[in-house]
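Here's the letter readout for the chains.
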Amino acid sequence: MAVRDRDRFSTTTRLRLLGEQTAARVYRSQTKRQARRSRLTGRAALLALVLCSLVVALAYPMRQYVSQRAQISDLQRQETEARQRVEQLRDLKARWQDDAYAEQQIRKRLHYVKPGETGYVVVDPGAVRQSRVDLRAAHRPWYTNIWDGVDKSDASDQ
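In this report, the structure presented in the accompanying data block is examined.

## Side note on the overall build of the protein
In terms of helices and strands, the protein carries 6 helices and 0 strands. Ordered by position from the N terminus, the helices and strands of the protein form the series α-α-α-α-α-α. Expressed as a percentage of its 158 residues, the buried residues of the protein come to 3%. Element-wise, carbon and sulfur atoms account for 58% of the exposed surface of the protein, whose accessible area totals about 15,000 Å².

## Quick notes on a nonpolar patch on the surface
Residues Leu46, Leu47, Leu49, Val50, Leu51, Leu54, Leu58, Met62, Tyr65 and Val66 make up a contiguous nonpolar surface patch of about 1,000 Å² in total accessible area. Along the chain, Tyr65 turns up in helix H3 (residues 42-97).

## So, the side chain of Gln105
For Gln105, the location among the structural elements is in helix H4 (residues 99-110). What makes Gln105 buried here is its relative accessible area of 9%. The contacts of Gln105, once residues within four sequence positions are left out, are Trp96 and Leu110.

## A closer look at the packing of H3 against H4
The contact between H3 and H4 brings their axes to 5 Å, and the two run at 90 degrees. Classified by the angle between their axes, H3 and H4 sit roughly perpendicular to one another. Only Asp99, Tyr101, Ala102, Gln105 and Arg109 of H4 make contact with H3, whose side of the interface consists of Leu92, Arg95, Trp96 and Gln97. Across the contact of H3 with H4, the residue classes tally to 4 nonpolar, 2 polar and 3 charged.

## As for H4
Helix length check: H4 (12 residues) gives 16 Å between terminal C-alpha atoms against 16 Å at 1.5 Å per residue, within 8%. What H4 keeps buried is the set Tyr101, Ala102 and Gln105. Angularly, the buried residues of H4 cover 100 degrees about the axis, an arc narrow enough to put them on a single face. Turned more than 90 degrees away from the buried face of H4 sit Asp99 and Ala100, all of them exposed. Summarising the contacts, the buried residues of H4 are in contact with H3. In the stretch just after H4, His111 is the one whose phi turns positive, near 60 degrees.

## Points about the packing of aromatic side chains
All chains considered together, the criterion is met by 2 aromatic pairs. Note on Trp96 and Tyr101: the rings are 5.3 Å apart at their centroids and 80 degrees apart in plane angle, and the pair reads as edge-to-face. Given the relative accessible area of 34%, Trp96 is considered partly exposed. On the basis of relative accessible area, Tyr101 is assigned to the buried category, the value being 16%. Measuring from ring centre to ring centre gives 5.7 Å for Trp142 and Tyr143, while their planes differ by 80 degrees; the resulting arrangement is edge-to-face. Its relative accessible area of 62% is what places Trp142 among the exposed residues.

## Points about H3
Helix length check: H3 (56 residues) gives 82 Å between terminal C-alpha atoms against 82 Å at 1.5 Å per residue, within 8%. The largest bend in H3 comes to about 30 degrees, at Ala59, with the proline Pro61 one to four residues further on.

## Remarks on the pattern of salt bridges
Taken as a whole and judged by the stated rule, the model has 6 salt bridges. The residue Lys114 makes a salt bridge to Glu103 at a minimum N-O spacing of 2.9 Å. Separated by 11 residues along the polypeptide, Lys114 in the loop between H4 and helix H5 (125-133) and Glu103 in helix H4 bring together distant segments of the chain. Overall, the relative accessible area of 41% leaves Lys114 in the partly exposed class. For Glu103, a relative accessible area of 34% gives the class partly exposed.

What counts as what
Residues numbered from 1 in each chain as written. Predicted model: local features only at pLDDT ≥ 70, side-chain atom pairs only at ≥ 80, totals over all residues. Heavy atoms only, no water. Helix = DSSP H or I, 4+ residues; strand = E, 2+ residues; numbered from the N terminus. Buried < 20%, exposed > 50% of the residue type's maximum accessible area, 1.4 Å probe, protein only. Areas by Shrake-Rupley, 256 points an atom, 1.4 Å probe, with all protein chains shown as cover. Patch = residues over 30% accessible without salt bridge, like charges linked within 9 Å, V, L, I, M, F, W, Y side chains within 5 Å. Salt bridge = Lys/Arg side-chain N within 4 Å of Asp/Glu carboxyl O. Contact = heavy atoms within 4.5 Å. Axes fitted to C-alpha atoms, helices over the stretch in contact; angles between N-to-C directions. Parallel < 35°, antiparallel > 145°, perpendicular 65-115°, else oblique. Nonpolar A, V, L, I, M, F, W, Y, C, P; charged D, E, K, R; others polar. Expected span 1.5 Å × (residues − 1). Arc of directions from axis to C-beta. Phe/Tyr/Trp six-rings, centres within 6.5 Å; stacked < 30°, edge-to-face > 60°. Bend = angle between axes of the 7 residues up to and from the residue.

Structure below.
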């Protein structure tokens, strides 16, 4: 037993025990650190950074693309409307080329009658009230009244 007691207190034995205890502490701290360690590795962080930078880099061009597509669709709609308006104006021009249509419009708008015909003007009571409202036209210059008449006749075409 004396040998065992001596081995128990020898430097080699103490160093071995101290090394085992230290190794056990290191092992425990590593397992705790691994348990606490976040799952975000360096590669994952780099990947996240690259993805975020791609999203930021592509956000503005995508917004521009979407707004330009909307602008293109608006312009196409306006073009369609303009083509329809051109067709309407071509039809109107073709009608005015017809002498019968021109005569009809002249007689209707300017109250022209052919020699030998009797012209009648039917007065609508609603129109009389409206003309009383337009009495302010007497206080305006004559050329303003003429332009108003032109505007009214132009509006009646449409």
